[in-house]
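Descriptive analysis of the structure
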Amino acid sequence: MQDIMAAHQEKKPEERKHKSTQNHTRTSQVQWGRAWEVDWFSLASILFLLMFAPLIVYYFIMSCDQYQCSLIDPVIDLLTEKKHLSDIWNKTPMLTYRAAGIYTLWVAFQVVLYVFIPDFCHKFIPGYVGGVQEGAVTPVGVVNKYEINGLQAWIITHVLWFANAYYFHWFSPTIIFDNWIPLLWCANILGYAVSTFAMIKSYFFPTNAKDCKFTGNFFYDYMMGIEFNPRIGKWFDFKLFFNGRPGIVAWTLINLSYAAKQQELYGEVTNSMILVNVLQGIYVLDFFWNEAWYLKTIDICHDHFGWYLGWGDCVWLPYLYTLQGLYLVYHPVQLCAANAIGILILGMIGYYIFRMTNHQKDLFRRTNGNCKIWGKKPEYIECSYMSVDGTKYYSKLLTSGFWGWARHFNYTGDLMGSLAYCLACGFQHILPYFYVFYMTILLIHRCIRDEHRCFSKYGKDWKRYTAAVPYRLLPGVF
Ligand code: NDP
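Position numbers for residues start from 1 in each chain and track the written sequence from start to end. Residue-level local features of this predicted model are given only where pLDDT is at least 70; pairs of side-chain atoms are given and counted only at 80 or more, and the full residue set underlies all totals for whole chains, interfaces and linings. Values shown for side chains rest on all heavy atoms present in the structure; no hydrogens or waters enter the calculation.

If you check an unreviewed UniProt entry, the chain appears there as 7-dehydrocholesterol reductase from Athene cunicularia. UniProt positions are given in the numbering used here, feature names are shortened, and annotations may be inferred rather than shown by experiment. In UniProt, the chain has this text filed under Subcellular location (unreviewed entry): "Endoplasmic reticulum membrane". Its UniProt record gives the chain a comment under Sequence similarities (unreviewed entry), which states: "Belongs to the ERG4/ERG24 family."

Structure representation (structure tokens):
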């Protein structure tokens, strides 16, 4: 889809599409968006997640709060009847007015930054793509416009954070850590509210009725979403807002709050905490620097907006992606110089692979193959697909550079970076390693569903591509 978007930007529509009158292709093109039918495995997974994902988040955060981040001790206490569920629950901090106030202010502030402050960063930061950008072609052939101002929102938020920490002192920099569980309830309220609202909206006032998908299964529709790109007004796009902010803007603030807590408790910030802050900070900054590119990732191009994205962005992401920093508040690990450097190198190599792989595809698609990958003309496979109205589009699949090594080498780099964050926490507990386990499952599952979608979209052309690049993540292994 990227090349299609690039073609839009280059204003050469005749190069990218030809009307087709072939009816048989219409049947196949309808399949390349989200599934219309729910198989039993998907349904079982969805029910499992709807029931257990909130409990998993609670369990991890409670383990840190009450058991010094041990995942085993609560189970042992319950099995040996040393404690009952009610004991654990009674010790759990409840929702407070203070947390509700902080959270409301936080989300409202991010909404204001998103909706009311058009991007000015692209006007003075060379190479940064911000302002109004076009998304990819949706299955019904719509191209949405987005206001890309995430980097600006991130910068303003962090400038204010540091101004407060070092100058104004309106609130303590440990505010997030100090209210972490009460804030969890607020995040859940928002996550459920926005998912439920998105579902109701899709029935009564969808933004684009043609891009809605009703499977007929309530749970599947609630979880995976019905509307493709729900919006309020012209610019408030649910997917872009909830995916990026408040969750990802908060990510670095949460880590900073953990670092401040270490300082308060132990009088110093450990090198492992600095490593986690730096490596995850680079990942977050990369996300906002490339927010326009992000419009072409699966989250925006393929996923509909439901509980998976709505609740996931409000709760799962800020709470579970930041477990390393939380862990380090309870277990301040000071790494020896060799280990710290080794972890830094692993994280940076992972980041380099992640960024370069994504960059190669973006460059290739943006220039329609008129570029150099590793100093040579790119190799690729020509392919075509149809949108709902029967328009035939042409596309290309890159088979050189990192894309010649494996079909998702960007995921491999991401996983190396994820492992680095976890290693910074040492080997005393399993909790900080949840992230790399989770990312491995997420990205392998993503690989499979993306390839299923690409096969539905490109048909035999996709088969030619998988024959040319036979491995998914690791050449010669998988
Ligand atoms: P990709 O950026 O790999 O995009 C996949 C799409 O790219 C395919 O659907 C296809 O779309 C196109 N494509 C596939 N192969 C080729 C090729 N050889 N040449 C050109 N185009 C191709 O995947 P994601 O959107 O999942 O991920 C983007 C990044 O975000 C990744 O680096 C990933 O690691 C990261 N990520 C991080 C997550 C986190 O929670 N931290 C979660 C998910 C992703 P088309 O229809 O255009 O052909």
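Now that the structure is up, let's keep going.
A word on the pattern of salt bridges
Should a side-chain nitrogen of Lys or Arg be within 4 Å of a carboxyl oxygen of Asp or Glu, the pair is scored as a salt bridge. Taken as a whole and assessed by the stated rule, the structure comprises 15 salt bridges. The residue aspartate 178 makes a salt bridge to lysine 261 at a minimum N-O spacing of 2.9 Å. You can see aspartate 178 sitting in helix α9 (residues 175-178) and its partner lysine 261 sitting in helix α13 (residues 247-266), a full 83 residues away along the chain. Look at lysine 261 and you get buried, because its relative accessible area is 9%. Between glutamate 264 and lysine 261 there is a salt bridge, with the nearest N and O atoms lying 2.9 Å from each other. Of this pair, glutamate 264 and lysine 261 both sit in helix α13, three residues apart, roughly one helical turn. One salt-bridge network, held together by shared partners, links Asp178, Lys261 and Glu264. The secondary structure listing takes helices from DSSP runs of H or I that are at least 4 residues long and strands from runs of E that are at least 2 residues long, numbered from the N terminus. A simple rule labels every residue: compare its accessible area, found with a 1.4 Å probe on the protein chains alone, to the largest value its type can have, and call it buried under 20%, exposed over 50%, or partly exposed in between.

Brief notes about the packing of helix α6 (residues 97-116) against helix α10 (residues 180-204)
In this analysis, axes come from line fits to C-alpha atoms, helices being fitted only over the stretch in contact, and the angle between any two N-to-C directions falls in the range 0 to 180 degrees. The geometry of α6 relative to α10 is characterised by a closest axis approach of 9 Å and an angle of 50 degrees between their N-to-C directions. Between α6 and α10, the angle falls in the class oblique. In terms of crossing hand, the pair formed by α6 and α10 is right-handed. Taken together, the residues of α10 that come into contact with α6 (itself represented by Ala99, Ala100, Ile102, Tyr103 and Val107) are Pro182, Leu183, Cys186, Ala187 and Leu190. Residue polarity follows a fixed list, in which Ala, Val, Leu, Ile, Met, Phe, Trp, Tyr, Cys and Pro are nonpolar, Asp, Glu, Lys and Arg are charged, and the others, Gly among them, are polar. Grouping the amino acids of the contact of α6 with α10 by side-chain chemistry returns ten nonpolar, no polar and no charged. To sort the angles, those under 35 degrees are grouped as roughly parallel, those over 145 as roughly antiparallel, those from 65 to 115 as roughly perpendicular, and the leftovers as oblique. Note: crossing handedness is left-handed where the near helix turns anticlockwise from the far helix by less than a right angle, and right-handed where it turns clockwise. Any two residues having at least one pair of non-hydrogen atoms within 4.5 Å are treated as being in contact.

Some thoughts on the state of the cysteines
When the sulfur atoms of two cysteines come within 2.5 Å, that pair is taken as a disulfide. Following the criterion strictly, the structure yields one disulfide and no others. Cysteine 64 shares a disulfide with cysteine 69; S-S distance 2.3 Å. Looking along the S-S bond of the cysteine 64-cysteine 69 disulfide, the torsion reads about 115 degrees, which is the right-handed sense. Considering cysteine sulfurs only, cysteine 314 is the nearest to cysteine 186, which forms no disulfide, with 11 Å between them. The class of cysteine 186 is buried, set by a relative accessible area of 6%. Left unpaired, cysteine 212 is separated from the closest cysteine sulfur, that of cysteine 301, by 18 Å. Judged by its relative accessible area of 6%, cysteine 212 falls in the buried class.

Observations concerning the nonpolar core
As used here, the term nonpolar core means buried Ala, Val, Leu, Ile, Met, Phe, Trp, Tyr and Cys residues forming a set that is joined through side-chain atoms within 4.5 Å. Residues Val57, Trp180, Trp316, Tyr321 and Leu326 are the most contacted members of the largest nonpolar core, which totals 111 residues. Domain ranges listed in this record stem from an automatic or a database domain assignment. Lining this core are residues from two domains, each supplying at least three of them: domain 1 (94-334) and domain 2 (336-477). Not counting residues within four places of it along the chain, the set of residues in contact with tryptophan 316 comprises Ala53, Ile56, Val57, Trp311, Tyr321, Phe434 and Tyr438.

A few points about the UniProt feature "transmembrane region" (unreviewed entry) in the chain
As recorded in UniProt, the feature "transmembrane region" (unreviewed entry) lies at residues 40-61, 95-117, 151-168, 180-200, 265-285, 305-323, 335-354 and 418-444. Structurally, residues 95-117 comprises 87% helix and 0% strand, and the distance from its first C-alpha atom to its last is 32 Å. In this annotation, residues 335-354 is assigned 90% helix and 0% strand; the end-to-end C-alpha distance for the span is 25 Å.

Notes on the pairing of strand β7 (residues 391-398)
Burial within β7 is extensive, with six of its eight residues counted as buried. Summarising the sheet, strand β6 (residues 380-386) and β7 pair through seven bridges and their orientation is antiparallel. Pairing of glutamate 382 across the sheet is with lysine 396, part of β7. For two strands to pair, DSSP has to find at least two bridges joining them. Counted along the chain from β6 to the antiparallel partner β7, the turn is four residues long, and its residue glycine 390 has a positive phi close to 85 degrees.

Remarks on the pairing of strand β2 (residues 131-137)
For β2, a buried count of six out of seven residues is recorded, marking the element as mostly surrounded by other parts of the structure. Of the strand pairs in this sheet, β2 and strand β3 (residues 143-148) are connected by five bridges, and their pairing is antiparallel. Bridged to valine 137 within β3 is valine 143.

With respect to the environment of aspartate 362
With respect to the helices, strands and loops of the structure, aspartate 362 is situated in helix α19 (residues 337-366). The spatial distance from the C-alpha of aspartate 362 to the C-alpha of tryptophan 293 is 7.3 Å, given a sequence separation of 69 residues. Beyond its immediate chain neighbours, meaning those up to four positions away, aspartate 362 contacts Trp293 and Lys296.

Remarks on a nonpolar patch on the surface
Each patch is built from salt-bridge-free residues with over 30% relative accessible area, joining like charges within 9 Å and nonpolar side chains (Val, Leu, Ile, Met, Phe, Trp, Tyr) within 5 Å. We get accessible surface area from the Shrake-Rupley algorithm with a probe of 1.4 Å; when it comes to residues, only the shown protein chains can shield them. Together, Phe197, Ile200, Tyr203, Phe204, Phe205, Phe214 and Ile232 line one region of the surface with nonpolar side chains, adding up to about 720 Å² of accessible area. It is α10 that provides the largest number of residues to the nonpolar patch, a total of four residues. Along the polypeptide, tyrosine 203 turns up in helix α10.

Topic: the packing of helix α3 (residues 40-67) against α10
It is the contact of α3 with α10, at a shortest axis distance of 11 Å, that shows an interaxial angle of 165 degrees. Taken together, α3 and α10 sit at an angle that is classed as roughly antiparallel. Once α3 is placed against α10, the crossing between them reads as right-handed. Within the contact between the two elements, α3 uses Leu50, Pro54, Val57, Tyr58, Ile61 and Asp65 and α10 uses Trp180, Ile181, Leu184, Trp185 and Tyr192.

Focus: unusual backbone geometry
Omega for the peptide link from arginine 245 to proline 246 comes to 10 degrees, which places this bond in the cis form. On the secondary structure map, proline 246 appears in the loop between α12 (238-244) and α13. A positive phi angle, close to 70 degrees, is found at cysteine 69, a residue other than glycine. Mapped onto the elements, cysteine 69 comes out in the loop between α3 and α4 (73-79). Judged by its relative accessible area of 0%, cysteine 69 is buried. Not every positive phi belongs to a glycine, and asparagine 368 is a case in point at roughly 55 degrees.

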